[in-house]
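Structural overview
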Amino acid sequence: MTPTNDRSIRHASSPSSGYESAVDVSDLESVQSLRIRQSTPTTTHASKSKSKKSKSKPKGEYVVESIESMESHHSQPLYFVKWMDYPPSTNTWEPFANVKECQHLSIFLEEELTKYEETIDIINSSIHKEIEENNEVLTAADVNVGDLDGFDILAHQSDLVLLAQFKLSGSKSKIESGKIRDRIKKATLMKPFIMQRMQQLRDISRWEMMVNEIEDDAKVTVENKADFDVPDPLFNYIKNSIAGKGVNIMDDPPIGCKCESCEPGSACCSKMAGSKFAYDKSGRLRIRSGEAIYECNKLCQCGPDCINRTIQRGRKVSLCIFKTNNGCGWALRTNSAIRKGEFICEYVGEILLADEANERGKQYDAIGRTYLFDLDYNTSAESVYTIDAAFYGNVSHFINHSCDPNLAVFPAWINCLDINMPRLAFFAIKPIKAGEELTFDYICRDHETDLKYENLSEAEKVACRCGADNCRKVLF
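Report on the accompanying structure. (Residues numbered from 1 in each chain as written. Predicted model: local features only at pLDDT ≥ 70, side-chain atom pairs only at ≥ 80, totals over all residues. Heavy atoms only, no water.)

1. Re helix H3 (residues 103–115)
So the rule is basically this: The numbering of helices and of strands both runs from the N terminus, where a helix is a DSSP run of H or I of at least 4 residues and a strand a run of E of at least 2. Take the residue count of a helix, subtract one, and multiply by 1.5 Å to get its expected span. For every residue, the accessible area obtained with a 1.4 Å probe (protein chains only) is divided by the maximum for its type, and the residue is called buried under 20%, exposed over 50%, and partly exposed between those limits. Relevant arc is that of directions from the helix axis to the C-beta atoms, nothing else.
Here H3 spans 19 Å end to end across 13 residues, near enough to the 18 Å set by a 1.5 Å rise per residue. Turning to H3, its buried residues number three or more, namely His104, Leu105, Phe108, Leu109 and Glu112. With its buried residues spanning 125° around the axis, H3 presents them on a single face. Of the exposed residues in H3, the ones pointing more than 90 degrees away from its buried face are Glu110 and Thr114.

2. Side note on the packing of helix H6 (residues 153–169) against helix H7 (residues 174–214)
As a reminder, the rule being used: An axis is simply a line fitted to the C-alpha atoms; with a helix, the fit covers only the stretch in contact. Between two such axes, the angle follows the N-to-C directions and lies from 0 to 180 degrees. Roughly parallel means an angle under 35 degrees; roughly antiparallel, over 145; roughly perpendicular, 65 to 115; everything else is oblique. In this scheme the handedness of a crossing depends on how the near helix is turned from the far one: anticlockwise by less than a right angle means left-handed, clockwise means right-handed. It only takes one pair of heavy atoms within 4.5 Å for two residues to be counted as in contact. Each residue is assigned to one class: nonpolar for Ala, Val, Leu, Ile, Met, Phe, Trp, Tyr, Cys and Pro, charged for Asp, Glu, Lys and Arg, and polar for all the others, Gly among them.
Closest axis-to-axis distance for the H6/H7 pair is 9 Å, and the angle between their directions is 140°. When the axis of H6 is compared with that of H7, the two are oblique. The handedness of the crossing between H6 and H7 is left-handed. Touching His156, Asp159, Leu160, Leu162, Leu163 and Phe166 of H6 are Glu176, Ser177, Ile180, Arg181, Arg183, Ile184 and Ala187, all from H7. Its residues placed into classes, the contact of H6 with H7 shows 7 nonpolar, 2 polar and 4 charged.

3. Overview of the pairing of strand E11 (residues 319–323)
Selection rule: A strand pair is defined by DSSP finding two or more bridges across the two strands.
By the criterion of burial, E11 is predominantly enclosed, with 5 of the 5 residues buried. Burial along E11 is two-sided: Leu319, Ile321 and Lys323 and Cys320 and Phe322, pointing in opposite directions, are all buried. Two strands pair when backbone bridges link them, and strand E7 (residues 220–223) and E11 are joined in this way by 4 bridges, in the parallel orientation. Bridge pairing links Val220 to Leu319 in E11. With 5 bridges connecting them, E11 and strand E12 (residues 330–334) associate as antiparallel partners. Following the sheet pairing, Leu319 is matched in E12 by Thr334.

4. Examining the environment of Leu154
Tracing the sequence through the fold places Leu154 in helix H6. For Leu154, the residues in contact, after removing those within four places along its chain, are Phe96, Lys100, Leu105, Ser106 and Leu109.

See below:
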């Protein structure tokens, strides 16, 4: 459907208007009058000027002048539509789907609700009494949150009007009226959850808007069809890492490259650092997992489009933060296909000194959840700094663990060249399909780590629920 100024609807196949008004048109003896027709409003008696005006309208689009009445057809509402600039003989009966976005529908229903107010009050009272007497109560566990999105208040109002029409006419169509009453009762039982869902969607929409205002890279969407949770209001979304107590993030590189064109083999920053040039000509990684990335910095003579500025140019992949239905909490997925070696996002948060990180780690271990990431690329000594993304972070805060991940973390240096304070960048290590969840391996496995796991008691272990074929069953 393509509304025009909220007043037009696409004329679709609809029941013929050639029958008399009835409470339930399915009661009519004439089956012929209920057949679907393919014709459109005509201008047989229109003047030449009107014909020209009609021809100028977009093909398949007609403007609604008013909704004249409403009837039931197999327990579903039909609306008698008067088309602007067409004679009454061309009025058509339209289903809800064809008129639900037309502003005339809400105006029509408001008048009908007022007209049948007393009867509708009786209907609602009867349904509430029945629910109370039968102790029919729904809990959140009984509700599929995603189904609540299909609730339409105009459809519910239409049901109330139709059932009021049935009652006042004394119609014997008990099956039809029963179906309508069942829908009204279901909506009544679901009302608390519908209201909760509407509030949840408003909160999620505001949070999503805030995220996209802070991080003006590729769009981030937020979705929860699993439960009524919203992103933690105590979580502060940030674009770049912030310094914790006693931490100084240096931003003054001592030297930059003088390349005319930064590429593999040139005397670029990576070569000066004794490392490999990280990217190919398309900006995808050409190094192995764990190897260092040295991007061009603010002292380099190359421009902002240099391929060795991939991370600092920001995220280019549209992502969705969503709630899982397998007990793994919030997660992150891609909205588009991703190529192997493509930059995804950076892990950001509070940069802490080791002592502060250790204290927080004890608290996080107690709840079996942590967002601490040691900056221990310089393995010759204990890590000096740790990133904590528990309360400050970006989309990377929501990336879950997998024993068979599609992302890997690479240490990167740009303007801060402190060997103990690399930036952490996620890159795809395999092709990723649109809609696929993004994951990385939380644990860097080695012989020492395996021995540590073997010595843990069952009570100390945190189960892994990644579902991968090679799942290790234990996360921490």
